[in-house]
Amino acid sequence: MAEVVGVRFKEVGKVYYFDPEDNKLNVGDRVIVETARGVECGCIATANKKVNDEDIVHPLKKLIRVATEDDLNHLQENEKKEKKAFDICLKKIEEHKLEMKLVDVEYTFDNNKILFYFTADGRVDFRALVKDLASVFRTRIELRQIGVRDEAKMLGGIGVCGRPLCCSTYLGEFQPVSIKMAKEQGLSLSPVKISGTCGRLMCCLKYEQEAYNDMLKKVPKVGAIVSSPNGDGVVIEVNPISQIVKVRLNKSPDAAPATFNSKDLKVIKDAQIRVDRKELEQLKGLE
């Protein structure tokens, strides 16, 4: 067992463990630590606690110090520099006529590096831009291409639900989301209805998937052949939450489908929920 504190470097980012060096810290305290990028200022996300050695990435780096007033003033100065660097980089991108969208600029705490985050449809040859920026700022320059989900996380915004984006408020890491999840949840496979502000599948599809997986075990799938109190038929619609199933009966295929509770049906041959090639083509680029 080892005593650690959890430090987060972005408002909604991954939490990293550090050795507190006998300091008793509270959530929200600012601290100075050494990272792979150099010296950084982070915020305590997890107060002092004991964790198993196997949960730690060794060697566990130690806290340098609790942030002082000078450190916090330095952070504010960096924020001002970042705004100026953003405007300068925008002009340089225009001068070099590069097909890229600048999203954010970040100074490392020790000012040894400036990171420029951007999005682009494909690969961008930005070598000339890096040289140009290095001649202006006279420090190490790193241009980092990010995805549209990361862009949404950085910039924030309001989702279709009317609430602030999950990724920019509390999601530390993105979870894999698939078109099959939308289909299993009975959602319309319209890109407008299942994609978020970023233009990719909504992260919230993941939230209820475990519950849907459990409910789908109790109902026949669409396309399944079942035996009902009114005779055999094929399932054409399922509501996993209410457990209501609509069946097209073999004896009256042109009539309106009959509605049953799943417990009143016996599965003769179940089906599988699949996303066919045509659906994948229509939703290409959402995953």
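Structural notes, computed from the coordinates. (Residues numbered from 1 in each chain as written. Predicted model: local features only at pLDDT ≥ 70, side-chain atom pairs only at ≥ 80, totals over all residues. Heavy atoms only, no water.)

### What to know about the overall build of the protein chain
Part 1 of the reasoning: Across its full length, the protein chain holds eight helices and 13 strands.
Part 2 of the reasoning: Here the C-alpha radius of gyration of the protein chain, 27 Å, is well above what a compact globule of 287 residues would show, namely 19 Å.
Part 3 of the reasoning: Projected onto its principal axes, the C-alpha coordinates of the protein chain cover approximately 80 × 55 × 30 Å.
Part 4 of the reasoning: Per-residue burial over the protein chain gives 35% buried out of 287 residues.
Part 5 of the reasoning: Put simply, 58% of the contacts in the protein chain that link residues at least 6 apart link residues at least 24 apart.
Part 6 of the reasoning: Accessible area of the protein chain: about 17,700 Å², with a carbon and sulfur share of 49%.
Part 7 of the reasoning: Here the protein chain holds 47 positive side-chain charges and 44 negative ones, and the gap between their average locations is 5 Å. (Helix = DSSP H or I, 4+ residues; strand = E, 2+ residues; numbered from the N terminus. Rg over C-alpha atoms; globule rule 2.2 N^0.38 Å. Buried < 20%, exposed > 50% of the residue type's maximum accessible area, 1.4 Å probe, protein only. Contact = heavy atoms within 4.5 Å. Areas by Shrake-Rupley, 256 points an atom, 1.4 Å probe, with all protein chains shown as cover. Lys, Arg positive; Asp, Glu negative; His and termini not counted. Charge placed at Lys NZ, Arg CZ, Asp CG, Glu CD.)

### Focus: the sheet that holds strand β7 (residues 113-119)
Part 1 of the reasoning: A sheet is described by the order of its strands in space; here three strands give the open sequence β6-β7-β8, paired in mixed fashion. A strand with exactly one partner marks an edge of an open sheet, and here the two such strands are β6 (101-107) and β8 (140-145). On average, each strand axis in the sheet is tilted by 20° relative to the strand beside it, whichever way the strands run. (Pairing = 2+ DSSP bridges. Axes fitted to C-alpha atoms, helices over the stretch in contact; angles between N-to-C directions.)

### A closer look at the side chain of Asp132
Part 1 of the reasoning: Tracing the backbone shows Asp132 in helix α2 (residues 127-137).
Part 2 of the reasoning: At 3.0 Å, the side chain of Asp132 forms a polar contact with the side chain of His96.
Part 3 of the reasoning: Every residue in contact with Asp132, bar those within four places of it in the chain, is listed here: Lys92, Glu95 and His96. (Polar contact = N/O pair within 3.5 Å; in protein donor to acceptor, adjacent residues only side chain to side chain.)

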